[in-house]
Amino acid sequence: MRELKKFKYSMETVLDYRKDVEQAEKMKFNEAKNEYVIQKSVLEDLEKKLENAQYIQLEKTPVKLSELKSLQKYIQYLEEKVEAQRLLVAEAEKRMDKERELLVEAQKERKIVEKHKEKSLEKHMYQVNSSEQKSNDEFALYSHLRK
């Protein structure tokens, strides 16, 4: 009986390349996601500080005018920081979304090649099975003719 021919995918290097690209995109996406989480956390922290300062201003009336002015300046400073941080969060979110799109595209590209590999393997197995069946049929025919 003949030895089975081992399957060798002709585009294995392309598949490996697509996997590498996908891995690189995954790393970029994770970096962008981490940056977004950090910026969002900073924003939440600033918003809490602003909320606390505004609460103090409403609930506790400062005795001195200088304390009131100082608190108002601090609140104004925090409001400006919150607004600037919101812009940073929006930029980080936009970058994260862009990286997500690139990752999804890289995954699609890899899956296309993997699907092609599966179909190539199925074709190879069909050819091997057909060849093996043909050999078996010939062997059975020769056995029958010898009798």
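Parameters at a glance
Residues numbered from 1 in each chain as written. Predicted model: local features only at pLDDT ≥ 70, side-chain atom pairs only at ≥ 80, totals over all residues. Heavy atoms only, no water. Helix = DSSP H or I, 4+ residues; strand = E, 2+ residues; numbered from the N terminus. Buried < 20%, exposed > 50% of the residue type's maximum accessible area, 1.4 Å probe, protein only. Contact = heavy atoms within 4.5 Å. Areas by Shrake-Rupley, 256 points an atom, 1.4 Å probe, with all protein chains shown as cover. Lys, Arg positive; Asp, Glu negative; His and termini not counted. Charge placed at Lys NZ, Arg CZ, Asp CG, Glu CD. Patch = residues over 30% accessible without salt bridge, like charges linked within 9 Å, V, L, I, M, F, W, Y side chains within 5 Å. Salt bridge = Lys/Arg side-chain N within 4 Å of Asp/Glu carboxyl O. Core = buried A, V, L, I, M, F, W, Y, C linked by side-chain atoms within 4.5 Å.

A. Here's a closer look at the overall build of the protein. Along its length, the protein carries two helices and zero strands. Referenced to the eigenvectors of the C-alpha coordinate spread, the extents of the protein come out at roughly 120 × 25 × 15 Å. Looking at the protein as a whole, 19% of its 147 residues are labelled buried. Here the contacts in the protein between residues at least 6 apart in sequence split such that 90% fall between residues at least 24 apart. As presented, the protein carries roughly 12,100 Å² of accessible surface, and 54% of it is formed by carbon and sulfur atoms. Of the charged side chains in the protein, 32 are positive and 30 negative; the average position of the first set lies 5 Å away from that of the second.

B. Here's a closer look at a nonpolar patch on the surface. Together, L141, Y142 and L145 line one region of the surface with nonpolar side chains, adding up to about 340 Å² of accessible area. Here Y142 is to be found in helix α2 (residues 65–146).

C. Seen up close, the nonpolar core. With 15 residues, the main nonpolar core has Y36, L50, A53, I75, L78, V82 and M96 as its most contacted residues. Of all elements in the fold, only α1 (12–59) and α2 reach the threshold of two or more residues within this core. Residue contributions to this core peak at eight residues, all from α2. If sequence neighbours within four positions are ignored, L78 has contacts with L46, K49, L50 and A53.

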